[in-house]
Amino acid sequence: MSTEELVAAAHPDPELQAIAHDAIRKNGGQWREFPTRTRDGRDLDTMWANVTLPDGSSVGIGKDVTERKQRRGTAVWRARANGHDEAAHDAHSFPVACP
């Protein structure tokens, strides 16, 4: 499967396809978040980084962050429900990092 075919399958929205292609071209090793559709039709929240290897080829590294985002959303909801708007704000202001 070509890169174009893979991006089209994983990101049905043409705008997201353009953003994904741009991230692949830039190849800076920076993590970026993308909604991704799996082969079986599920939509996941994912983080991707593209890295150029010494031989000039590149590798895309992806991580499913769906559960983490759901847990963070639940924590924010609980904080707001308990009147802790600052805690809810703080939960959203942490930078996203993938191990």
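All values derive from a computational prediction rather than experimental measurement. Counting from 1, residues in each chain are numbered in the order their sequence is written. Predicted model: local features are reported for residues with pLDDT of at least 70 only, side-chain atom pairs are reported and counted for 80 or more only, and whole-chain, interface and lining totals are derived from all residues. Calculated side-chain values reflect all of the structure's heavy atoms, with hydrogen atoms and water omitted.

Colleague: Lay out the overall build of the chain in plain terms, naming residues and giving numbers.
Modeller: A count of helices and strands for the chain gives four helices and three strands. The cut-offs for exposure are 20% and 50% of the maximum accessible area for each residue type, with area from a 1.4 Å probe on protein chains only; residues under the lower value are buried, those over the upper are exposed, and the others partly exposed. When burial is assessed residue by residue, the chain has 21% of its 99 residues classed as buried. Helix numbering and strand numbering both begin at the N terminus, where a helix is a DSSP run of H or I of at least 4 residues and a strand a DSSP run of E of at least 2.

Colleague: Could you give me a rundown of a nonpolar patch on the surface, with the residues and numbers involved?
Modeller: Residues Trp 31, Val 51, Leu 53, Val 59 and Ile 61 make up a contiguous nonpolar surface patch of roughly 360 Å² in combined accessible area. Within the secondary structure, Val 59 is located in strand β3 (residues 58–64). By relative accessible area, Val 59 is classed as partly exposed at 37%. Patch rule: a residue counts if its relative accessible area is over 30% and it has no salt bridge; like charges are joined within 9 Å, and nonpolar side chains (Val, Leu, Ile, Met, Phe, Trp, Tyr) within 5 Å. Here the accessible surface of atoms and residues is derived via Shrake-Rupley with a 1.4 Å probe, and residues count as covered only by protein chains that are part of the display. We define a salt bridge as a contact between a side-chain nitrogen of Lys or Arg and a carboxyl oxygen of Asp or Glu at a distance within 4 Å.

Colleague: Give a description of the pairing of β3 that names residues and reports values.
Modeller: Only when DSSP finds a minimum of two bridges between them are two strands counted as paired. With seven bridges connecting them, strand β2 (residues 43–52) and β3 associate as antiparallel partners. Its bridge partner being in β3, Asn 50 is matched across the sheet by Gly 60. Taking the residues that link successive antiparallel strands as the turn, the β2-β3 hairpin has five residues, and the phi of Gly 56 there is positive, at about 95 degrees.

Colleague: Before we move on, could you go through the pairing of β2 and cite the residues and values that matter?
Modeller: In the case of a regular strand, side chains alternate between the two sheet surfaces. Strand direction decides the pairing type here: strand β1 (residues 32–37) and β2, joined by six bridges, are antiparallel. Looking at the pairing, Phe 34 lines up with Thr 46 of β2. Counted along the chain from β1 to the antiparallel partner β2, the turn is five residues long, and its residue Gly 41 has a positive phi close to 90 degrees.

Colleague: Quick rundown of the sheet that holds β2? Include the residues and the values.
Modeller: Pairing in this open sheet of three strands is antiparallel, and the strands run β1-β2-β3 from one edge to the other. Of all the strands in the sheet, the pair left with one neighbour each is β1 and β3. Strand-to-strand twist across the sheet, computed as the mean angle between neighbouring axes with direction ignored, equals 40 degrees. Contact definition: two residues touch when any of their heavy atoms are within 4.5 Å. What counts as an axis is a line fitted to C-alpha atoms, over the stretch in contact for a helix, and the angles between N-to-C directions run from 0 to 180 degrees. On the sheet, helix α2 (residues 14–26) packs against β1 and β2 and is oriented at approximately 130 degrees with respect to β1.

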